[in-house]
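Understanding the architecture of this molecule
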Amino acid sequence: MNYQTLLTSLEDNIFIITINRPEKLNALNKIVIEELSEAINEVYNNPEIKSAIITGSGEKAFVAGADITEFLELDEKGGEALARKGQQLVFDKIENSPKPIVAAVNGFALGGGCELALACHFIIAGENAKFGQPEVSLGLIPGYGGTQRLAQLVGRNLAMQLIMTGEVIKAENAEKYGIANKIVATDKLLDETKSILQTIHTKAPLAISKVIEVLNNFDHTQQGYDFEIKKFGECFATDDMKEGVHAFLEKRKASFHGR
Ligand code: COA
């Protein structure tokens, strides 16, 4: 599919989605949100795609936030609709994707850009990555899931501090706080991210989908454990589980077919 604001390519079953408005630091305007939604639909529906990477075009930014130029025309209902639509069309759809979607963060990931990275299943950061939720500087709060996902990741108190100060943190601190899993040389960012995904591609796809579902429901309540038990049981109804166990017992490499 051809997009106005995205570049996409399929390499070794990895769908690379590059947000391509470098002159506006890849800010998320209405068109980007709609096109990202379409691109994520491709991830869900195209059997050739086993996983995806989201990254930004140019050397400066992953995504420098929601497009601020679209804010002034909005009233309370409009603001709520913007956040709800974005969350449903893009952020929740990324989080709930049955195939891994990883953020390769090159440069600024601010506001909606930080939230976009947080919605992905994990984050690999280039050395030049910078993360922040500066919405309070604009009289706003994060609206694309940032309060929830950041607090879940770094804990309530650090999320409070980061969101209340709007501080922009460097890759080293993002790694230290558990926001980014790994920092790599910026010019190796895509290759390193692809290499992690290629390892994941050797595993059972249905098991990977269930890992995503269960970890997305991670909590310390009985509901979380019960959900895990249910999803664990479901694995036993798959050919992949039988193949994986047989392969181990027969000391050979498993061949998974996603059934
Ligand atoms: N929305 C719309 N446009 C944006 C944008 C955003 N979130 N972030 C950057 N841009 C635009 C700038 O307006 C500028 O456009 P122009 O050349 O037409 O003036 C262009 O991208 C380049 O940005 P600029 O500010 O000149 O780059 P810089 O290197 O001086 O600063 C940042 C980089 C990221 C620090 C700065 O752009 C910034 O603070 N952006 C907003 C971050 C933010 O608040 N995000 C949360 C939004 S809710």
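Residues numbered from 1 in each chain as written. Predicted model: local features only at pLDDT ≥ 70, side-chain atom pairs only at ≥ 80, totals over all residues. Heavy atoms only, no water.

1. Remarks on the sheet that holds strand β7 (residues 122-126)
Spatial ordering of the open sheet is given by β1-β2-β3-β5-β7-β10, a layout of 6 strands whose pairing is mixed. Two strands lie at the open edges of the sheet, namely β1 (6-11) and β10 (182-184), each paired on one side alone. Strand after strand, the sheet turns through a mean of 20° between neighbouring axes, direction not considered. Summarising the sheet, strand β5 (residues 101-105) and β7 pair through 4 bridges and their orientation is parallel. Bridging from a neighbouring strand, Ala103 pairs with Ile123 of β7. (Pairing = 2+ DSSP bridges. Helix = DSSP H or I, 4+ residues; strand = E, 2+ residues; numbered from the N terminus. Axes fitted to C-alpha atoms, helices over the stretch in contact; angles between N-to-C directions.)

2. Digging into the domain arrangement of the chain
By domain assignment, the chain separates into domain 1 (6-201) and domain 2 (205-249). Here the C-alpha centre of domain 2 lies 27 Å away from the C-alpha centre of domain 1. Taken together, the contacts link 9 residues of domain 1 with 5 residues of domain 2. Regarding the contact of domain 1 and domain 2, the summed buried area is about 490 Å², with carbon and sulfur atoms giving 54% of it. Our enumeration of links across domain 1 and domain 2 arrives at 0 salt bridges. Inspection of the domain 1/domain 2 interface yields 2 residue pairs in polar contact (both at pLDDT 80 or more). Classifying every residue of the side of domain 1 that touches domain 2 by side-chain character gives 3 nonpolar, 4 polar and 2 charged. (Domains from an automatic or database assignment. Contact = heavy atoms within 4.5 Å. Buried area = accessible area lost by both parts, 1.4 Å probe. Salt bridge = Lys/Arg side-chain N within 4 Å of Asp/Glu carboxyl O. Polar contact = N/O pair within 3.5 Å; in protein donor to acceptor, adjacent residues only side chain to side chain. Nonpolar A, V, L, I, M, F, W, Y, C, P; charged D, E, K, R; others polar.)

3. Comments concerning empty space enclosed by the protein
Within this structure, the stated rule accounts for 1 cavity of 30 Å³ or more. Volume-wise, the largest cavity comes out at about 50 Å³. Cys114, Phe131, Gly132, Gln133, Leu150, Leu162, Glu167, Ile169 and Ile179 together form the lining of the largest cavity. Grouping the amino acids of the lining of the largest cavity by side-chain chemistry returns 6 nonpolar, 2 polar and 1 charged. (1 Å grid on protein atoms, 1.4 Å probe; cavity = no way out; pocket = protein on both sides within 12 Å on 5 of 7 lines; lining within 4 Å. Points joined across faces, edges and corners; volume = space filled by probe spheres on them.)

4. A closer look at the environment of Lys50
Tracing the sequence through the fold places Lys50 in the loop between α1 (30-45) and β3 (51-56). On the accessibility criterion, Lys50 (41% relative accessible area) is partly exposed. Sequence separation between Lys50 and Pro98 is 48 residues, and the spatial gap between their C-alpha atoms is 9.4 Å. (Buried < 20%, exposed > 50% of the residue type's maximum accessible area, 1.4 Å probe, protein only.)

5. Remarks on the pairing of β1
For β1 and strand β2 (residues 14-19), the ladder comprises 6 bridges, and the chain directions are antiparallel. Following the sheet pairing, Ser9 is matched in β2 by Ile16.

6. A few points about the layout of surface pockets
Its boundaries defined by the atoms lining it, the largest pocket holds a volume of some 660 Å³. Contributing to the lining of the largest pocket are 26 residues, with Cys120, His121, Phe122, Leu215 and Asn216 lying nearest its centre. For the lining of the largest pocket, a count of residues per class yields 15 nonpolar, 8 polar and 3 charged. Inspection of the lining of the largest pocket shows a minimum of three residues originating in each of domain 1 (6-201) and domain 2 (205-249). Taken as a whole, the second largest pocket spans an internal volume of roughly 500 Å³. Around the second largest pocket sit 26 residues that line it, and Phe71, Glu135, Leu140, Ile141 and Gly143 are the ones nearest its centre. Listed by contribution, the elements that provide at least two residues to the lining of the second largest pocket are α2 (76-95), α3 (112-119) and α4 (146-154). At 4 residues, the largest contribution of residues to the lining of the second largest pocket is made by α2. Taken together, the residues of the lining of the second largest pocket sort by class into 13 nonpolar, 10 polar and 3 charged.

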